[in-house]
Amino acid sequence: MNAAQQRRDYGFIAIVILVAITTVWLLLMPWVTAIASATLNRFHLRSSSFVTWAIQFPIPSMYNFANRFRVTDVPPGLIDPILENPLADDLANRYINHFPSRVFTFADLRHLYLKDGRDRWLTIQSSYRGQQVETRMHAKPDGEGGFVLLRIPDQSQ
């Protein structure tokens, strides 16, 4: 075979490079706090930009962190012993794999918590090796059978 007959498979080379970069990312995550922080923020849809979020797309998202969520029908911080939270059952504070915000955006839990068309508040927490990110969201009915998901700003901001 001469050089004209041999052609490089650039698609295969790109896949190998992508796998190598992903492997390095995952191997460095326990020791490089910036990588862990960027990945935690990705889970909470809090990346600094879409590009930062999209670059992490190939990074596997399953079983990376301890992800917990809590759903209530009263806003966070509202303390009133008269109001009893009817959602305060064994589903109110649970662990979840993958992206914790999917409680309101995907699958059977979305139906469970949003089927009655009322306001709901979601608190999600992810932790990894001493780092923790907490995000609060409000699922506000939009009047057409859907919801608008609003992130509640942090108290520290």
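Predicted, not measured: the structure shown is a model, and the values here were computed from it.

About the thresholds
Residues numbered from 1 in each chain as written. Predicted model: local features only at pLDDT ≥ 70, side-chain atom pairs only at ≥ 80, totals over all residues. Heavy atoms only, no water. Phe/Tyr/Trp six-rings, centres within 6.5 Å; stacked < 30°, edge-to-face > 60°. Helix = DSSP H or I, 4+ residues; strand = E, 2+ residues; numbered from the N terminus. Buried < 20%, exposed > 50% of the residue type's maximum accessible area, 1.4 Å probe, protein only. Contact = heavy atoms within 4.5 Å. Polar contact = N/O pair within 3.5 Å; in protein donor to acceptor, adjacent residues only side chain to side chain. Core = buried A, V, L, I, M, F, W, Y, C linked by side-chain atoms within 4.5 Å.

Considering all chains together, one arrives at 4 aromatic pairs under this definition. Arranged with centres 5.0 Å apart and planes meeting at 80°, the rings of Phe43 and Phe65 form a pair that is edge-to-face. Here the residue Phe43 occupies a position in helix 2 (residues 33–43), and Phe65 occupies one in the loop between helix 3 (50–55) and strand 1 (66–72), the gap between them amounting to 22 residues. Both residues of the pair, Phe43 and Phe65, count as buried. Every member of this aromatic cluster is reached through a ring pair, and the members are Phe43, Phe65 and Tyr128.

Time to look at unusual backbone geometry. Its identity as a non-glycine residue notwithstanding, Leu45 has a phi of 55°, on the positive side. With respect to the element layout, Leu45 can be found in the loop between helix 2 and helix 3. Its relative accessible area of 47% is what places Leu45 among the partly exposed residues. Even without being glycine, Arg129 reaches a positive phi, approximately 45°. Relative to the helices and strands, Arg129 is located in the loop between strand 3 (120–128) and strand 4 (131–141). According to the relative accessible area criterion, Arg129 is exposed, its value standing at 60%.

This part covers helix 2. Buried within helix 2 we find Ile35, Ala36, Ala38, Thr39, Leu40, Arg42 and Phe43. Close packing links the buried residues of helix 2 with helix 1 (10–28), helix 3, strand 1, strand 3 and strand 4. Looking at the residues trailing helix 2, positive phi occurs at Leu45, about 55°.

So, about the side chain of His138. Position of His138 relative to the elements: it lies in strand 4. Among the polar contacts made by the side chain of His138, one reaches the side chain of Asp119 at a distance of 2.6 Å. Residue contacts for His138: discarding those within four places in its chain leaves Asp119, Arg120, Trp121, Val148, Leu149, Leu150 and Ile152.

This paragraph deals with the nonpolar core. The nonpolar side chains of a soluble globular protein tend to be buried with one another. Among the nonpolar cores identified, the biggest contains 12 residues, and these are Phe69, Val71, Ile96, Val103, Phe104, Leu109, Tyr113, Leu114, Leu122, Ile124, Met137 and Ala139. With 3 residues, helix 5 (residues 107–114) is the largest single contributor of residues to this core. When neighbours within four sequence positions are excluded, Phe104 is seen to be in contact with Val71, Arg110, Tyr113, Leu114, Arg120, Trp121, Leu122, Ala139 and Leu149. In this structure, Ala36, Leu40, Phe43 and Val133 belong to the second largest nonpolar core, which totals 8 residues.

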